[in-house]
Amino acid sequence: MGNEDVQNLLKSGIAAAKARNKGEARRLLEQVLELDDSNEAAWMWLASVVDTPREKRICLENVIELNPDNVRAREALAQLGPAPQSAAPVTPTQASAPTGAQPALRSAAATNQARAARSGPPETAPARGSRPSPLARSIQRNPVLFLGGGGLAILLILVGVVLAFNQSAPPAVAQNTVAAPTARANAPTARPQGTIVTLPAVVFPTTTPALTSTPFPTFTPSPTLTPLNTYKLVFTGEGRNTTNQSDLYTISADGTGERPLLTESSKAFFSPAVSNNGQLAYVSVAEDKEQVFVGDLSGNGGKAITKFNGEHLSGVNWSSDNSKIAFAASASNDDPTTREIYVINADGSGQQQITNNKVEDSDPAWSPDGKSLVYAEDVSQGQHFLQLTQYDLASKSAQTLTNFSGANYNPAWSPDGKKIAFVSTKDGFPNVYYISLSDPFTANLVSVGGERSNNTTPAWSPDGTYIAFASNRDGNALDLYIATPDGLFMKKLTNSSNAKDNSYGAHFIPAAK
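Residues numbered from 1 in each chain as written. Predicted model: local features only at pLDDT ≥ 70, side-chain atom pairs only at ≥ 80, totals over all residues. Heavy atoms only, no water.

K.L.:
Can you tell me about the sheet that holds strand S6 (residues 289-296), naming the residues and giving the values?
P.N.:
Think of a sheet as strands paired side by side through backbone hydrogen bonds, with each pair either parallel or antiparallel. Ordered by their spatial adjacency, four strands build an open sheet running S4-S5-S6-S7, and the pairing between neighbours is antiparallel. Two strands bound the open sheet, and with one partner strand each, they are strand S4 (270-274) and strand S7 (303-304). Bridging between S6 and S7 involves two bridges; their strand directions are antiparallel. Its bridge partner lying in S7, valine 294 is registered against lysine 303. (Pairing = 2+ DSSP bridges. Helix = DSSP H or I, 4+ residues; strand = E, 2+ residues; numbered from the N terminus.)

Structure representation (structure tokens):
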């Protein structure tokens, strides 16, 4: 079957998924993956129609295995919470399900093994009807799911590197290069960020040191810092009810007084934001579709102000004058891996589409003066090279602010309008940094001590003294932390009681609200 047939199958599978015909969509998308298990779109759409969180996780991990910079897949994995420690082995008899049963999904590790095996000697084809699906084969090959978003795989790779260096002399190190993003009008010109230094040969130890928890600063705030109990935050919490759905909670910035704000067993709530006059905006579901809601800080009176037919909304953010809300959304005819930026009045009128470039645009944030938005954009037109883009609302012009490697997303504007906090994978792991608009090519690390963990969703305090963010540096789950921008003071606010208890997406509630 040729590539055209695969594309036709994929289109039919996507159409079935959009029509909410999950059984037919799953059947077609699995056929696509039988023919091409490197099809990122097929794995992404399959994640939207499978039956269990475990199956969805495997689909999303395969997406990230193919494209580590797929932000939507990483966000969806974060909403699922961390992977379980292990899964029970599945025997070949179990994997060969009866006719009509849904096959098990192939993990990213097993899929990668299958791709690598294609370069080896040909195998004798099994008899028709005896060959498990690509999804069942994954369970036979590797019943253990990835831990901590791929951490176990990374650990095994590191051990392999150490052993290789112990057996032979270290090879010459080639200089890495990073592809620059597509040129854009008004984009700043990248300038060198350091001097190349020749390092002496590294002698690797003969034993691998035991892993320890990542340390982080424990300094107490100086008398000049604002007391933490001055601030209050609203955030998305998971694992705090029997359904493990995402709900909204409030907490003091000193880590006390956590309370539920919006919880419902049959409905999820996430992506909260609070206006300067005390209105609460968030994403929830109305008629089986994600929509933006607006209510008050008591958790009552929330009403949907959008009418989208797409699958995903996120990144809700208020303008400083309390009149408008920016957010990211996928429309009904869009691929779920792409979203566009929208702006809508707080009463639901005057909706505008800001971007229309058919690539990933996410996480819009208003400038304090209300004149521009900053958001993450795939400036490489489909290669998921995410950079921060500033959009001027008056002139309707955009310019790329950053030129870092990896993915750069989750921007948050400082109250004085001079800095932007954001997440970057430029050093291999998601960490929180900030840039000054006067020097956008220098990234200043905020999430000190958590360089090899997942640090995400930064938010500035109303006076610019602190930055709140989520991190799994102290375990598998995401907890809330608060730090000064230089990272010299840091405090953990939530304390996960189990692996599914995630806390993220915090926003400060303005004073006296």
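Having seen the structure, we can now continue with the description.
K.L.:
Explain the nonpolar core to me, using residue names and the numbers behind them.
P.N.:
The biggest cluster of nonpolar side chains holds 25 residues, and the ones touching the most others in it are Leu10, Leu29, Leu46 and Leu60. If you list the elements that add at least two residues to this core, you get helix H1 (3-18), helix H2 (22-35), helix H3 (40-47), helix H4 (53-66) and helix H5 (71-80). With seven residues, the top contributor of residues to this core is H3. Ranked by size, the runner-up nonpolar core spans 19 residues in total, among them Tyr249, Ile251, Ala468 and Ala470. (Core = buried A, V, L, I, M, F, W, Y, C linked by side-chain atoms within 4.5 Å. Buried < 20%, exposed > 50% of the residue type's maximum accessible area, 1.4 Å probe, protein only.)

K.L.:
Explain the pairing of strand S16 (residues 408-413) to me, and be specific about the residues and the numbers.
P.N.:
Taken across its six residues, S16 has six buried, putting it largely inside the fold. In terms of strand pairing, S16 meets strand S17 (residues 419-424) through four bridges, oriented antiparallel. Within S17, the residue paired with asparagine 408 across the bridge is serine 424. Adjacent in sequence and paired antiparallel, S16 and S17 are bridged by five residues, among which glycine 417 carries a positive phi angle near 75 degrees.

K.L.:
Help me get a handle on the sheet that holds strand S21 (residues 467-471), residues and values and all.
P.N.:
Spatial strand order, S20-S21-S22-S23: four strands in an open sheet with antiparallel pairing. Looking at the sheet topology across the chains shown, the edges are occupied by strand S20 (455-460) and strand S23 (490-492). Here the strands of the sheet are splayed against their neighbours by 25 degrees on average, with no regard to which way each runs. Sheet analysis places strand S22 (residues 479-483) next to S23, joined by three bridges and oriented antiparallel. Paired with alanine 483 across the strands is methionine 490, a residue of S23. (Axes fitted to C-alpha atoms, helices over the stretch in contact; angles between N-to-C directions.)

K.L.:
How would you summarise the confidence of the model for the chain if you had to cite specific residues and measurements?
P.N.:
Of the residues in the chain, 67% reach a pLDDT of 70 or more, and the chain-wide mean stands at 76. Counting interchain partners and residues more than four positions distant, the pLDDT-below-50 stretch residues 117-132 has nine contacts. For the stretch residues 135-157, pLDDT sits under 50, and the model shows 60 contacts to residues farther than four places along the chain or on other chains. (pLDDT = per-residue confidence, 0-100. Contact = heavy atoms within 4.5 Å.)

K.L.:
Mind laying out the pattern of salt bridges, listing which residues take part and the relevant values?
P.N.:
Scanning the entire structure with this criterion turns up eight salt bridges. The partner of aspartate 427 in a salt bridge is lysine 426, and the shortest N-O contact between them spans 3.2 Å. In this structure lysine 426 comes out as partly exposed when scored by relative accessible area, which is 24%. (Salt bridge = Lys/Arg side-chain N within 4 Å of Asp/Glu carboxyl O.)

K.L.:
With reference to specific residues and values, describe the packing of H2 against H3.
P.N.:
Contact pair H2 / H3: the axes reach a minimum separation of 9 Å and the direction vectors enclose 155 degrees. Taken as axis vectors, H2 and H3 run roughly antiparallel relative to one another. By crossing handedness, the relation of H2 to H3 is classed as left-handed. In contact with Arg26, Leu29, Glu30, Val32 and Leu33 of H2, H3 contributes Ala42, Trp43, Trp45 and Leu46. When its residues are assigned to classes, the contact of H2 with H3 shows seven nonpolar, no polar and two charged. (Parallel < 35°, antiparallel > 145°, perpendicular 65-115°, else oblique. Left-handed = near helix turned anticlockwise from the far one by under 90°. Nonpolar A, V, L, I, M, F, W, Y, C, P; charged D, E, K, R; others polar.)

K.L.:
An account of the environment of tryptophan 413 is requested, with residue identities and associated values reported.
P.N.:
With respect to the helices and strands, the residue tryptophan 413 is situated in strand S16. With a relative accessible area of 11%, tryptophan 413 lands in the buried category. Note: C-alpha distance between tryptophan 413 and proline 368 (45 residues apart in sequence) is 7.4 Å. A polar contact of 3.2 Å, which involves the side chain of tryptophan 413, links it to the backbone oxygen of glycine 417. (Polar contact = N/O pair within 3.5 Å; in protein donor to acceptor, adjacent residues only side chain to side chain.)

K.L.:
Tell me about the pairing of strand S9 (residues 324-329), and please be specific about residues and values.
P.N.:
Across the six residues of S9, five count as buried, placing the element largely inside the fold. The pairing of strand S8 (residues 313-318) with S9 spans four bridges and is antiparallel. Bridge assignment links asparagine 317 to a residue of S9, and that residue is alanine 326. Hairpin connection, S8 to S9: the antiparallel pair is bridged by five residues, and asparagine 322 has positive phi, about 70 degrees.

K.L.:
Residues and numbers for the packing of aromatic side chains, please.
P.N.:
Within this structure, the stated rule accounts for 13 aromatic pairs. Centre to centre, the rings of phenylalanine 269 and tyrosine 282 are 5.9 Å apart; their planes meet at 65 degrees, and the pair counts as edge-to-face. With phenylalanine 269 in the loop between strand S3 (259-262) and S4 and tyrosine 282 in strand S5 (residues 279-286), this residue pair connects regions lying 13 residues apart in the sequence. Between phenylalanine 404 and phenylalanine 422, the ring centres sit 6.0 Å apart and the planes meet at 10 degrees, which makes this aromatic pair stacked. Of this pair, phenylalanine 404 sits in the loop between strand S15 (397-400) and S16 while phenylalanine 422 sits in strand S17, and the two are 18 residues apart along the sequence. Across the pair, phenylalanine 422 and phenylalanine 404 agree in class, each one buried. The structure contains a cluster of three or more aromatic residues connected by ring pairs, namely Tyr231, Tyr466, Phe489 and Phe508. (Phe/Tyr/Trp six-rings, centres within 6.5 Å; stacked < 30°, edge-to-face > 60°.)

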